Amino acid sequence: MYVLDHIVHFVKEPKAMVEKTKEIGLHTVEGGKHEMWGTYNSLSYFGLSYIEFIGVFDETLLEKSAEIPYTLHESYKKRNKENGFTRIAIRTTTIEEDAKKLRDAGYEVIGPDSFSRIRPDGSVLTWKLLHFGKKELPFEYPFLIQWEGSDEERYNDLVNNGTIQKHPLGDLTIDEISFSVTDLQWAKEWASLFEHEIVESTDSYITLKAPNCHFKFNLEQKYEIVEVKISGAKEEKHVTLEDGNYLFVR
């Protein structure tokens, strides 16, 4: 089962997002450092899916990690290190099998590779990542992530350490992520790869249904993540945070 794990939103100062998002009714906590990549983050959870506000503390390490194809860091560099939405991660529990399936389908696959980071409380978080794509394609697929431990164990741990708390704005859920794409074929390939159902299809857009959210692909002249829609809010509003567009609906 392939579900939304997180949305990567590059920002100037992740720690500052704790207070910035508090002003609009979100609970965000400091995350930690990715010592191997030169990045650090803060996190806002919606169940087990989350928004990762990520920034750079070491440009040299970031440049080195950007040399690896299909990675988040390569994507960030390709966008001239502009802040805003960059990529999303899909959660899986079969990452080794996924690697074989993607290779057999003709994709270039990097990983799975194991990683970790130290939390502010000193505990160590571990996971595996898989990146894939085709060099001739302009479209960037999500990267895959598999966490150590079960979803239930992770959720209970995140609640107990205060990372997951109710948002003041309401009982919030990431409802839909909107993309612009130059060819709707990418949406069809995404649906096939990740077993996401096509629930709407027109000449101008395709909407897919994943187990925990929707992905909408709009036919435009470029590829980017356009907007994140979050439902369950006590009041409806549109917020732009460092070039990332969020729509809160009831």
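Refer to the preceding data block for the structure.
Cut-off values and rules
Residues numbered from 1 in each chain as written. Predicted model: local features only at pLDDT ≥ 70, side-chain atom pairs only at ≥ 80, totals over all residues. Heavy atoms only, no water. Helix = DSSP H or I, 4+ residues; strand = E, 2+ residues; numbered from the N terminus. Rg over C-alpha atoms; globule rule 2.2 N^0.38 Å. Buried < 20%, exposed > 50% of the residue type's maximum accessible area, 1.4 Å probe, protein only. Core = buried A, V, L, I, M, F, W, Y, C linked by side-chain atoms within 4.5 Å. Contact = heavy atoms within 4.5 Å. Pairing = 2+ DSSP bridges. Axes fitted to C-alpha atoms, helices over the stretch in contact; angles between N-to-C directions. Salt bridge = Lys/Arg side-chain N within 4 Å of Asp/Glu carboxyl O. Lys, Arg positive; Asp, Glu negative; His and termini not counted. Polar contact = N/O pair within 3.5 Å; in protein donor to acceptor, adjacent residues only side chain to side chain.

Novice: Teacher, can you tell me more about the overall build of the protein here?
Specialist: Summing up its helical and strand segments, the protein has 6 helices and 15 strands in all. For the protein, the C-alpha radius of gyration of 17 Å lies close to 18 Å, the compact-globule estimate for 250 residues. Its C-alpha atoms give the protein principal-axis dimensions of roughly 40 × 40 × 35 Å. For the protein, buried positions account for 52% of its 250 residues.

Novice: How do you make sense of the nonpolar core when you look at a structure like this?
Specialist: Among the nonpolar cores identified, the biggest contains 51 residues, and Ile88, Phe179, Phe215, Phe217 and Phe248 are the most heavily contacted of them. In terms of residue count, the dominant contributor to this core is helix 6 (residues 185–194) (6 residues). Contacts of Phe248, omitting those with residues within four sequence positions, involve Ile24, Leu26, Leu169, Leu172, Ile230, Ala233, Glu235, Glu236, Lys237 and Val239. In this structure, Phe10, Leu43, Leu72 and Leu125 belong to the second largest nonpolar core, which totals 22 residues.

Novice: Explain the environment of Gln221 to me, please; I cannot follow it from the model alone.
Specialist: Relative to the helices and strands, Gln221 resides in the loop between strand 12 (214–219) and strand 13 (224–233). Here the alpha-carbon distance between Gln221 and Ser180, two residues 41 residues apart in the chain, equals 7.7 Å.

Novice: What's the story with the pairing of strand 6 (residues 108–118) in this structure? I'm lost.
Specialist: Each regular strand carries side chains that alternate between the two faces of the sheet. Pairing analysis gives 9 bridges linking strand 6 to strand 7 (residues 124–133), with the strands arranged antiparallel. From the neighbouring strand, Phe115 faces strand 7, where its bridge partner is Trp127. The hairpin formed by strand 6 and strand 7 contains 5 residues between the paired strands, and Gly122 there has a positive phi angle of roughly 95°.

Novice: What is the right way to read the sheet that holds strand 14 (residues 237–241) from this model?
Specialist: Neighbouring strands of a sheet are bound in pairs by backbone hydrogen bonds; such pairs are parallel or else antiparallel. Reading across from one edge, 10-11-12-9-13-15-14 is the order of the 7 strands in this open sheet, with mixed pairing throughout. Edge positions in the sheet fall to strand 10 (197–201) and strand 14, since each has one partner strand and no second. Direction aside, the axes of adjacent strands within the sheet are offset by 25° on average. Where strand 10 meets strand 11 (residues 205–209), 4 bridges bridge the pair, whose relative direction is antiparallel. Its bridge partner lying in strand 11, Ser201 is registered against Ile206. Sitting on the sheet, helix 6 is in contact with strand 9 (170–181), strand 10, strand 11 and strand 12, with an inclination near 15° to strand 11.

Novice: I'm lost on the pattern of salt bridges in this one. Help?
Specialist: Any two side chains of opposite charge can pair, on the condition that their charged atoms come close. Enumeration over the complete set of coordinates arrives at 13 salt bridges. Where Arg91 meets Asp151, a salt bridge forms, and the shortest distance between an N and an O atom there is 3.6 Å. Highlighted residues: Arg91 in strand 5 (residues 84–91) and Asp151 in helix 5 (residues 151–160), separated in sequence by 60 residues. With relative accessibility at 9%, the residue Arg91 sits in the buried group. On the basis of relative accessible area, Asp151 is assigned to the partly exposed category, the value being 39%. Here the salt bridges do not stand alone but share partners, grouping Glu59, Glu63, Lys77 and Lys81 into one network.

Novice: Would you take a moment to explain the pairing of strand 8 (residues 143–147) for this structure?
Specialist: Burial of strand 8 is extensive: 4 of the 5 residues sit out of reach of the surface. With 3 bridges connecting them, strand 5 and strand 8 associate as parallel partners. Each residue of the ladder has a partner; that of Ala89, found in strand 8, is Phe143. Sheet analysis places strand 7 next to strand 8, joined by 4 bridges and oriented antiparallel.

Novice: Explain the side chain of Arg87 here, please?
Specialist: As for its position among the elements, Arg87 is in strand 5. Put simply, Arg87 is tucked away with no salt bridge, and the nearest opposite charge, on Glu140, sits 4.4 Å away. Of the polar contacts made by the side chain of Arg87, one reaches the backbone oxygen of Thr71; its length is 3.2 Å. In this view, Arg87 contacts Ile7, Val8, Tyr70, Thr71, Leu72, Ser75, Glu140, Tyr141, Pro142, Phe143 and Ile225; residues no more than four positions away in its chain are not counted.

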